[in-house]
2 protein chains.
Amino acid sequence: MSENNSVGIVAPKTAHFSEPLALKGGGVLPQFDLVYETYGTLNADKSNAVLICHALSGHHHVAGKHHESDKYAGWWDNMIGPNKPLDTNKFFVIGLNNIGGCHGSTGPISINPATSQPWGSAFPIITVEDWVNSQARLMDRLGISQLAAVIGGSLGGMQALQWTIAFPGRVRYALVIASAPNLTAQNMAFNEVARQAIITDPEFHGGDYYAHGVVPRRGLRIARMLGHITYLSDDVMGEKFGRKLKDGIKYSFDVEFEMESYLRYQGDKFAGEFDANTYLRMTRALDYYDPALTFGGDLSKALSQTKAKFLVVSFTSDWRFSPARSREIVKALLDNESTVSYAEVTAAHGHDAFLMPDKHYHAILQTYLGSIEVGDAK
Amino acid sequence: MSENNSVGIVAPKTAHFSEPLALKGGGVLPQFDLVYETYGTLNADKSNAVLICHALSGHHHVAGKHHESDKYAGWWDNMIGPNKPLDTNKFFVIGLNNIGGCHGSTGPISINPATSQPWGSAFPIITVEDWVNSQARLMDRLGISQLAAVIGGSLGGMQALQWTIAFPGRVRYALVIASAPNLTAQNMAFNEVARQAIITDPEFHGGDYYAHGVVPRRGLRIARMLGHITYLSDDVMGEKFGRKLKDGIKYSFDVEFEMESYLRYQGDKFAGEFDANTYLRMTRALDYYDPALTFGGDLSKALSQTKAKFLVVSFTSDWRFSPARSREIVKALLDNESTVSYAEVTAAHGHDAFLMPDKHYHAILQTYLGSIEVGDAK
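All of these numbers come straight from a predicted model, not from anything done at the bench.

Cut-off values and rules
Residues numbered from 1 in each chain as written. Chains lettered and ligands numbered in written order. Predicted model: local features only at pLDDT ≥ 70, side-chain atom pairs only at ≥ 80, totals over all residues. Heavy atoms only, no water. Helix = DSSP H or I, 4+ residues; strand = E, 2+ residues; numbered from the N terminus. Rg over C-alpha atoms; globule rule 2.2 N^0.38 Å. Buried < 20%, exposed > 50% of the residue type's maximum accessible area, 1.4 Å probe, protein only. Contact = heavy atoms within 4.5 Å. Areas by Shrake-Rupley, 256 points an atom, 1.4 Å probe, with all protein chains shown as cover. Lys, Arg positive; Asp, Glu negative; His and termini not counted. Charge placed at Lys NZ, Arg CZ, Asp CG, Glu CD. Phe/Tyr/Trp six-rings, centres within 6.5 Å; stacked < 30°, edge-to-face > 60°. Lys NZ or Arg CZ within 6 Å of the ring centre and 35° of its normal. Buried area = accessible area lost by both parts, 1.4 Å probe. Salt bridge = Lys/Arg side-chain N within 4 Å of Asp/Glu carboxyl O. Polar contact = N/O pair within 3.5 Å; in protein donor to acceptor, adjacent residues only side chain to side chain. Pairing = 2+ DSSP bridges. Axes fitted to C-alpha atoms, helices over the stretch in contact; angles between N-to-C directions. Least-squares fit on C-alpha atoms with pLDDT ≥ 70 in both.

**Q** Could you clarify how one ought to interpret the overall build of chain A in this entry?
**A** Along its length, chain A carries ten helices and 14 strands. The C-alpha radius of gyration of chain A comes to 20 Å, within 12% of the 21 Å expected for a compact globule of 378 residues. For chain A, the spread of C-alpha atoms along the three principal axes comes to 65 × 50 × 50 Å. Evaluated residue by residue, chain A yields a buried proportion of 60% over its 378 residues. Put simply, of all contacts in chain A between residues at least 6 apart along the chain, 72% involve residues at least 24 apart. Surface accessibility of chain A: about 14100 Å² in total, with carbon and sulfur atoms responsible for 50%. Across chain A, the mean location of the 34 positive side-chain charges is 1 Å away from that of the 39 negative side-chain charges.

**Q** Explain the packing of aromatic side chains to me, please; I cannot follow it from the model alone.
**A** Ring pairs (aromatic) are described by centroid distance and by the angle formed between their planes. This structure, assessed with the given rule, holds 34 aromatic pairs over all chains. Taking the centre distance of 5.9 Å and the plane angle of 75° together, the rings of F190 of chain A and W319 of chain A count as edge-to-face. With F190 of chain A in helix α3 (residues 185–199) and W319 of chain A in the loop between β13 (309–315) and α9 (323–335), this residue pair connects regions lying 129 residues apart in the sequence. Summarising the aromatic geometry, the rings of F274 of chain A and Y279 of chain A are spaced 6.2 Å apart at their centres and angled 90° between planes, so their arrangement reads as edge-to-face. Summarising the burial analysis for this pair, F274 of chain A and Y279 of chain A share the class buried. What links up through ring pairs into an aromatic cluster is the set F190 and W319 of chain A together with F190 and W319 of chain B. Over the face of the ring belonging to F17 of chain A we find R141 of chain A, whose NZ or CZ atom lies 4.2 Å from the ring centre.

**Q** Sorry, what's going on with the interface of chain A and chain B here?
**A** As a measure of interface size, the accessible area lost when the parts come together is often cited. Contacts between the two partners involve 53 residues from chain A and, on the opposite side, 53 residues from chain B. Around 4800 Å² of area is buried between chain A and chain B when both sides are counted, 66% of it from carbon and sulfur atoms. Per-residue buried area on chain A facing chain B is highest for R243, Y251 and F253 of chain A; these three make up 18% of the total on that side. There are ten salt bridges connecting chain A and chain B. One can count 26 residue pairs in polar contact (both at pLDDT 80 or more) joining chain A with chain B.

**Q** Is there a simple way to think about the sheet that holds strand β1 (residues 13–17) of chain B in this case?
**A** Sheet strands line up and pair through hydrogen bonds in the backbone, either parallel or antiparallel. Residue and element names in this part refer to chain B. What the eight strands build is an open sheet, ordered β1-β4-β8-β5-β11-β12-β13-β14; its pairing is mixed. The open sheet terminates on both sides in strands that have one partner only, identified here as β1 and β14 (340–345). Averaged over neighbouring strand pairs, the angle between their axes works out to 20° when direction is ignored. Where strand β11 (residues 147–153) and strand β12 (residues 171–177) come together, six bridges link them in parallel fashion. By the bridge assignment for β12, I151 is matched with L175. Where helix α10 (residues 359–370) meets the sheet, its contacts fall on β11, β12, β13 (309–315) and β14, and the angle it forms with β13 comes to roughly 175°.

**Q** Can you help me understand the relation of the copies chain A and chain B in this one?
**A** What connects the two chain copies is a rotation about an axis and a shift along it. Least-squares fitting of chain A to chain B yields an RMSD of 0.0 Å, with the transformation described by 0.0 Å of translation along the axis and a rotation of 180°. Both copies of the chain, as the preceding transformation shows, are related through a two-fold rotation axis.

**Q** When you look at the environment of P181 of chain B in this model, what are you seeing that I'm missing?
**A** All names here are of chain B. Tracing the backbone through its elements, the reader meets P181 in the loop between β12 and α3 (185–199). Counting along the chain gives 109 residues from P181 to D290, while the straight-line C-alpha distance between them is 6.2 Å. In contact with P181, other than residues within four places in its own chain, are Y289, D290, P291, L299, R325, E328 and I329.

In structure tokens:
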């Protein structure tokens, strides 16, 4: 990737919110921080702001690098920058870490003001609705009354959808990518296995492992290994690894197949970086999101008050958030005569495709985002 | 199920083999026991014997009950009995527990004669080829020079296939059901996650947990929960559980959705019954089986010396052993102008369909097995 279309060196900022946030689950977060980054320039009438909502293991560092020496750029750097599909010459882009996260925003590893200890198990369950409410607070703080667009993939797509339900007047366009109006039973089942791997790890200590100076690394590692299987398509795993051996068959339980090496590496890496309590809460937020539930399961009714225009994108090989689930969203929007475009992208990479620089996928977003009108720069 | 078509009360028998069994992995099993059951009567010319090969968690108790008070019959009781698809009025059916198993045949929980302690980690890795060799010994013992048929589903299907390769003159018909000529990378990946859950359980003790008076129950439970997801289709999980709640949303990590209750129940039950070392070895046998490997990946060549007639059966919703994999076997057999019938059964239940009493599936097996000629009873 050329340096010329990078947002360059960026620095995260922190916004502190001292007013309590009432949570859908009944609890209250007495105060909270949101860590965020911005790329591009907010225009004079503040009509060019685009919010990026992250998925399970994402965060605020979406594009650019923090230091020249950084090995990797932000997690969606292929999408965001000057002349990229989400063009920072035109848009003011905001990425944030959600509450409950482990990348700087208030979460289970943060200090609970009531006890002066890490929140740990006492940190409440957070829902997609809570995230969107907290994100709206950040938009208030930045003086953005209406977003040009909200964009998210997977769990991020659920947040984009929720923005159009909770704040119909505050979002002009919603890009809901590789997402679903709720999880299938199979999807929830994978989450449950991942959570049980963490919770039954002897070093989980009921979620208060910080006090014991340990982390439930084994469980988090298993959770991530499992996740990786479901993010890739069967075909891509076949092409990428197939039955390739590292050094021949040894009749052991050590790494023998390349796929095993990949999974263990990914699991170990993640277990050394990510917070298990955050992982539990992210998966539970996925499980619970179901905007149709209070409308007797009628998604069309749930979306009837939305005012945004929609782009819904799915990927043919995504078996965890299949195209059929995206089409449910499209159908519900059409039932309401909402403006919706739908793209089903032929892509081999499974759920991970939403993060990949697929030519057709990027062209679709470039065209769609290019058509959004924004006010003058000054 | 009517009592009239049950094989009734059955009792397992044990065959001891004192001659060492050389293993594909290089080791030697100095002696071994095979636990088996038989149903029906071996006819005068011993031409009516059918061997049932079990899958990952199966065993020798295939049909009937051990006691009148048994809650459940053998694992394939719906298939085997008087006037059932595998008719015990006609056939002499043999079910056995494979070596490496934990239901009575020699396995990791057996006493290692060299140490007078349980084998544990020292028990060798067993392959599909080893199983078939040990099964042939049992046939020798029973005086059966040629089987009318070998039948197996999943990992059992691999054994049926291997019989036709290793002993082309000893099997007339092979029924290979919901199986594959080798595992896909995705399939091996699920096995690897399951194994890592067991191996990293602190109570695994490198496989020698027997001496510590513990079992790696947490890991085995996770492995089984994961397994259950992959045995069912997405659709069946949706129909069976969907997003149904047990007692409403509580915003917790406890059981809230019915699917969670099901998975935990299945995991707990299995972890209390099955041996972790056996589980590891069964999954490794699955990983390694690949008869085409020594023929440069050419399955047609691997099957070129087979003499059996084949019935290959797959199920449309089976995403772990998909119909495409069964068709690879069919194609390779057709390349050799072997006699093969293929049935792709429209079934909702995923991989588990091979164990279900689906009407069409059972009709296919009833017709096929009905056409096999056997000698007179006496």
